[in-house]
Amino acid sequence: MTDTNAQVYAVYLTAAATEAGVARPAGYVINRVVWDGTSAWTPGSGSAIVADPDGQFPIGSTYMASTATTS
């Protein structure tokens, strides 16, 4: 089955974390998934996702949410 609505997402840490003695900053990309955006799935405790169809955030990179504001 092919889902034409599926796209790639980067999964990143929402807060700094240490695992197996290795410190990772908030925003550290821990995984990449293909998801349709509607089926039942969550990235897990302490992480969030961002759509990344262009591959800007490979595993090991850091995602920084935009802080730009408009007035």
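Residues numbered from 1 in each chain as written. Predicted model: local features only at pLDDT ≥ 70, side-chain atom pairs only at ≥ 80, totals over all residues. Heavy atoms only, no water.

1. Thoughts on unusual backbone geometry
Link 1 in the chain: Non-glycine residue Ala-20 carries a positive phi angle of around 55°.
Link 2 in the chain: Inspection of the secondary structure puts Ala-20 in the loop between strand S2 (17–19) and strand S3 (22–24).
Link 3 in the chain: The exposure class assigned to Ala-20 is exposed, which follows from its relative accessible area of 80%. (Helix = DSSP H or I, 4+ residues; strand = E, 2+ residues; numbered from the N terminus. Buried < 20%, exposed > 50% of the residue type's maximum accessible area, 1.4 Å probe, protein only.)

2. Description of the sheet that holds strand S4 (residues 29–35)
Link 1 in the chain: One open sheet holds the three strands; their spatial order is S4-S1-S5, and the pairing between them is antiparallel. The open sheet has two edge strands, S4 and strand S5 (47–51), and neither has a second partner. Going from strand to strand, the sheet's axes swing by 30° on average, the running direction of each strand aside.
Link 2 in the chain: Alignment of strand S1 (residues 7–13) against S4, held across six bridges, turns out to be antiparallel. Counterpart to Val-8 in the pairing with S4 is Val-34. (Pairing = 2+ DSSP bridges. Axes fitted to C-alpha atoms, helices over the stretch in contact; angles between N-to-C directions.)

3. Comments concerning the packing of aromatic side chains
Link 1 in the chain: Counted by the stated rule, this structure contains four aromatic pairs.
Link 2 in the chain: With centroids separated by 5.0 Å and ring planes inclined at 90°, the aromatic side chains of Phe-57 and Tyr-63 adopt a geometry described as edge-to-face. Tyr-63 shares its class with Phe-57; the two are buried.
Link 3 in the chain: Here the aromatic residues Tyr-9, Trp-35 and Trp-41 are joined through ring pairs into a cluster of three or more. (Phe/Tyr/Trp six-rings, centres within 6.5 Å; stacked < 30°, edge-to-face > 60°.)

4. Considerations on the pattern of salt bridges
Link 1 in the chain: The final tally for this structure, using the stated rule, is one salt bridge.
Link 2 in the chain: Among the ionic pairs, Arg-32 bridges to Asp-52, the shortest N-O distance being 2.5 Å. Taken together, the residues Arg-32 in strand S4 and Asp-52 in the segment after S5 connect sequence positions 20 residues apart. (Salt bridge = Lys/Arg side-chain N within 4 Å of Asp/Glu carboxyl O.)

5. Here we look at the environment of Ser-47
Link 1 in the chain: Among the structural elements, Ser-47 can be located in strand S5.
Link 2 in the chain: Accessibility expressed as a relative area gives 12% for Ser-47, which makes it buried.
Link 3 in the chain: Sequence separation of Ser-47 and Ile-30 is 17 residues, and the distance between their C-alpha atoms is 8.7 Å.
Link 4 in the chain: Setting aside residues no more than four positions away along its own chain, Ser-47 makes contact with Val-11, Tyr-12, Leu-13, Thr-14 and Ile-30.
Link 5 in the chain: Engagement of the side chain of Ser-47 in a polar contact is seen with the backbone oxygen of Pro-43, the distance being 2.9 Å.
Link 6 in the chain: A distance of 2.9 Å separates a polar side-chain atom of Ser-47 from the backbone oxygen of Gly-44. (Contact = heavy atoms within 4.5 Å. Polar contact = N/O pair within 3.5 Å; in protein donor to acceptor, adjacent residues only side chain to side chain.)

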